[in-house]
Amino acid sequence: MSNADQENWSKVKERLRVEVGDDVYSSWFARMDLEAIEEGAVRLSVPTRFLKSWIQSHYAERVLACWQATNDKINRVELIVRSAVLRSAIANKPKEMEPAMGGRFPSVNGNGNGRPLLAGDGNGHEALGGSPLDARLTFESFVVGRSNTLAHAAAKQVAAAKRSDAVMFNPLYIHAGVGLGKTHLLQAITWAGNAMGERKLLYLTAEKFMYGFVSALRTQTALAFKETLRGIGVLVIDDLQFLQGKSTQAEFCHTLNALIDAGRQVVIASDRPPSELESLDDRVRSRLAGGLVVEMGPLGEELRFEILKARVMAARGHHPSFDVPLPVLGYIAKTVTHNGRDLEGALNRLLAHNKLTGHAVTLEMAEREVRDLIRPQEPKRVKIEDIQRVVARQYNVSRSDLLSSRRTANVVRPRQVAMYLAKTLTLRSLPEIGRRFGGRDHTTVLHAVRKIEGLVGADMVLAEEIEILKRQLQE
């Protein structure tokens, strides 16, 4: 590269700075380097795919215009990721020029080879900084039953909506235990929505969101990160319960508000309802609860049986001779009750045994292979709201009385009992219990717990009342 090329590059950068301003220039262009100028093509590099995608879709013509103002022989600009340049140099292979048409960068919606983004092709999605997508997790492979009908219908409506359609419910918040299909539905939305091409959908785990935000702060591209997320048509966030850090949560809150206020769809999944996300700010929980909150319940035996049949059919695509008798499927559906992942594991064991030994799948084999997946029934998860409701009914007071500041005897004792049950039957911390009882201090909760513990040993009537309440809550 000649000194003249470097001088021209300096002029281009100055022209860009003047046109877009110092803040935008620092966010987008400060870490862009000139790699080569060959036959009218300028090759520039940036450190991340994220920056590459954003510059391609928002500043292509402006960058080209600045180059042409400096050197009228330039007819196109190509952008590459710097890590790829280093890998190519190490391997001593010339970097293949990326395709460009006229003076425009290739479309950010493409996958690098000129084809549009299709279901089964996650390259374009990941180029935008999205979390990896599993091609198996589509609506076609999702088995619908009584426990997930509403969540499935809402997800399909989101995926099928067009850019001009009014957003029906925002955000769509799906919560369920482990292995019940949350991630399957969220990825199905992303596959189906991107295949339609109407809107740009981005699927992110909470961990990926945190990593992206921290990386953007470290590389001084936070503005770019924010603008990219807020330019997405549908933002899909998985495992929100893992979102940590005050600054990250604040950025998530701002992004959520900006998207909803702009009429963009947001879809979120978590293992608990918004009210139980203790680490999140009250404003975020309130905004999440203001949309459509849908719970996906445990898989019933009938649904487990249908899931198993569907998975056997899918396995036959690769192993045509694999066969599982219906009585065996019925046995697994009846005994492996925890979640869908255990069902997958049970079938994988039968398939492995069948292929490696050549023995047909039998009920005896199934009983032997899946016995460690048969788990005892888990006790019901008790919620603080349930405790307040049951205690209020038992003592003939209202739930609002329990949350109020009233200090009369007919309210104080039920309130203390409810706090005691919340501490003994849930995993909630003392500060969280206090917050759920009208914003009380954790020392008030501790006093209530110790008070009831002391009375239970001496007051047999109170002890019996509490045992009755526990049974009602755990049934």
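Residues numbered from 1 in each chain as written. Predicted model: local features only at pLDDT ≥ 70, side-chain atom pairs only at ≥ 80, totals over all residues. Heavy atoms only, no water.

## What to know about the overall build of the protein chain
Across its full length, the protein chain carries 22 helices and eight strands. Relative to its full complement of 475 residues, the protein chain shows a buried share of 47%. With the model as given, the accessible surface of the protein chain reaches about 24,000 Å², and the carbon-plus-sulfur share is 51%. (Helix = DSSP H or I, 4+ residues; strand = E, 2+ residues; numbered from the N terminus. Buried < 20%, exposed > 50% of the residue type's maximum accessible area, 1.4 Å probe, protein only. Areas by Shrake-Rupley, 256 points an atom, 1.4 Å probe, with all protein chains shown as cover.)

## Brief notes about the sheet that holds strand β3 (residues 76-81)
The strand order across the open sheet formed by three strands is β1-β2-β3, and the pairing between neighbours is mixed. Two strands lie at the open edges of the sheet, namely β1 (33-38) and β3, each paired on one side alone. The average undirected angle you get between the axes of adjacent strands in this sheet is 25 degrees. Looking at chain direction, strand β2 (residues 41-46) and β3 are connected through six bridges and run parallel. When the sheet's bridge partners are listed, Val46 is paired in β3 with Val81. Here helix α4 (residues 60-70) sits on the sheet in contact with β1, β2 and β3, set at roughly 125 degrees to β3. (Pairing = 2+ DSSP bridges. Axes fitted to C-alpha atoms, helices over the stretch in contact; angles between N-to-C directions. Contact = heavy atoms within 4.5 Å.)

## Notes on the pattern of salt bridges
What the rule picks out here adds up to 16 salt bridges. A salt bridge links Lys309 to Glu306; the nearest nitrogen and oxygen atoms lie 3.6 Å apart. Of this pair, Lys309 and Glu306 both sit in helix α13 (residues 301-316), three residues apart, which is roughly one turn of that helix. You can call Glu306 partly exposed: its relative accessible area is 34%. One salt bridge in this structure joins Arg316 and Asp323, with 2.7 Å as the shortest N-O distance. Judged by its relative accessible area of 28%, Arg316 falls in the partly exposed class. If you follow the salt bridges from partner to partner, you end up with Glu385, Glu432, Arg435 and Arg436 in one network. (Salt bridge = Lys/Arg side-chain N within 4 Å of Asp/Glu carboxyl O.)

## With respect to the sheet that holds strand β7 (residues 265-270)
With respect to topology, five strands assemble into an open sheet ordered β5-β6-β7-β4-β8, the strand pairing being parallel. Here the strands that pair on one side only, and so sit at the sheet edges, are β5 (201-205) and β8 (292-295). Averaged over all neighbouring strand pairs, the angle between strand axes comes to 15 degrees, with direction disregarded. Each of β4 (172-175), β5, β6 (234-238) and β7 touches helix α8 (residues 182-196); the most contacted strand, β5, lies at about 155 degrees to it. Each of β6 and β7 touches helix α11 (residues 246-261); the most contacted strand, β7, lies at about 140 degrees to it.

## Quick look at α4
Listed in full, the buried residues belonging to α4 are Ala60, Val63, Leu64, Cys66 and Trp67. All buried residues of α4 project into a common sector of 160 degrees when viewed along the axis, lining one side. (Arc of directions from axis to C-beta.)

## Let's talk about the nonpolar core
Val324, Ile332 and Leu350 are the most contacted members of the largest nonpolar core, which totals 51 residues. Setting aside chain neighbours within four positions, we find Leu350 in contact with Phe322, Val324, Val328, Ile332, Val361, Met365, Ala366 and Glu369. Listed in part, the 26 residues of the second largest apolar core include Phe225, Leu229, Phe252 and Leu259. (Core = buried A, V, L, I, M, F, W, Y, C linked by side-chain atoms within 4.5 Å.)

## Considering the environment of Ser398
Its place among the elements puts Ser398 in the loop between α17 (384-394) and α18 (399-403). For the pair Ser398 and Gln388, spaced 10 residues apart in the sequence, the C-alpha separation amounts to 8.9 Å. A distance of 3.0 Å separates the side chain of Ser398 from the side chain of Asp401, its partner in a polar contact. (Polar contact = N/O pair within 3.5 Å; in protein donor to acceptor, adjacent residues only side chain to side chain.)

## Topic: the side chain of Ser45
When you line up the elements, Ser45 lands in strand β2. Given the relative accessible area of 0%, Ser45 is considered buried. Only 2.6 Å separates the side chain of Ser45 from the side chain of Glu35, close enough to count as a polar contact.

## Focus: unusual backbone geometry
Residue Asn170 is joined to Pro171 through a cis peptide bond whose omega torsion reads 0 degrees. Looking at the element boundaries, Pro171 is found in the loop between α7 (149-160) and β4. One non-glycine residue, Glu39, adopts positive backbone phi at about 50 degrees. The exposed category is assigned to Glu39, whose relative accessible area is 78%. The phi torsion at Asp239 lies on the positive side, around 55 degrees, for a residue other than glycine. Residue placement: Asp239 occurs in the loop between β6 and α11.

## Looking at the packing of aromatic side chains
Enumeration according to the criterion identifies three aromatic pairs in this entry. Arranged with centres 5.8 Å apart and planes meeting at 5 degrees, the rings of Trp9 and Trp67 form a pair that is stacked. Taken as a pair, Trp9 in helix α1 (residues 3-20) and Trp67 in helix α4 lie far apart in primary sequence, 58 residues in all. An angle of 80 degrees between the planes, with centres 5.3 Å apart, marks the rings of Phe29 and Tyr59 as edge-to-face. Of the two residues, Phe29 sits in the loop between α2 (22-28) and β1 while Tyr59 sits in the loop between α3 (49-58) and α4, which places them 30 residues apart along the sequence. Per residue, the accessibility class of Phe29 equals that of Tyr59, and both read buried. The ring centre of Phe139 lies 5.5 Å from the NZ or CZ of Lys156, which sits over that ring. (Phe/Tyr/Trp six-rings, centres within 6.5 Å; stacked < 30°, edge-to-face > 60°. Lys NZ or Arg CZ within 6 Å of the ring centre and 35° of its normal.)

## What about the pairing of β5?
Burial runs high along β5: four of the five residues are buried. Relative to β6, β5 runs parallel, the two sharing five bridges. Following the sheet pairing, Leu201 is matched in β6 by Val234.

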